[in-house]
Amino acid sequence: MTQKEMLLLCSYIYNNRVELEHEVRQLQNNIRFRKIDVADCMELICALQRLETFKEVTSQIMLLLKLKRSRGINLPASFYFYC
């Protein structure tokens, strides 16, 4: 895997994880500040499940590709937090 491909993968992971986390925060705020119903709770549960699934799959991909800091890849430190 080339360095450009690794950068694209980490960018993809970072952007999607940020988007999923933002969705969870927004749904939590909706529940916190308004009258809730079952649909609101189900939306939050689904969003949390999507986030956790994304984290798990991403972690497994990174393990399979053996992408670690020790490979000498010059990626920003914030990428490694999400990768």
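Our structure's up above, just so we're on the same page.
Just so we're clear, the structure is a prediction, and the values are computed from it rather than from any experiment.

### Points about the packing of helix α1 (residues 3–33) against helix α2 (residues 38–65)
Thinking step 1. It is the contact of α1 with α2, at a shortest axis distance of 9 Å, that shows an interaxial angle of 160°. The angle between α1 and α2 places the two elements in the roughly antiparallel class. Relative to α2, α1 is oriented so that their crossing is left-handed.

### Here's the deal with α1
Thinking step 1. In a regular helix each residue adds 1.5 Å, so 31 residues correspond to 45 Å; α1 covers 45 Å between its end C-alpha atoms and thus fits that length.
Thinking step 2. All of the buried residues in α1 are M6, L9, C10, I13, R17, L20, E21, V24 and L27.

Rules behind the numbers
Counting of residues starts from 1 at the beginning of each chain's written sequence and follows it residue by residue. pLDDT decides what is reported in this predicted model: residues at 70 or higher carry local features, side-chain atom pairs at 80 or more are listed and counted, and totals for whole chains, interfaces and linings draw on all residues regardless. The side-chain values count all of the structure's non-hydrogen atoms but skip hydrogen atoms and water molecules. Interaxial angles span 0 to 180 degrees and are taken between N-to-C directions of axes, which are lines fitted to C-alpha atoms, for helices over the stretch in contact. We count a stretch as a helix when DSSP gives it H or I for four or more residues in a row; a strand needs E for two or more, and each element gets its number in order from the N terminus. Orientation categories follow fixed angle ranges, with anything under 35 degrees roughly parallel, anything over 145 roughly antiparallel, 65 to 115 roughly perpendicular, and all other angles oblique. Definitions for this section: a left-handed crossing has its near helix turned counterclockwise from the far helix by less than a right angle. A right-handed crossing has that turn clockwise. How far a helix is expected to stretch is found by multiplying one less than its residue total by 1.5 Å. Exposure classes here rest on a 1.4 Å probe applied to the protein chains alone. A residue is buried below 20% of its type maximum, exposed above 50%, and partly exposed in between.

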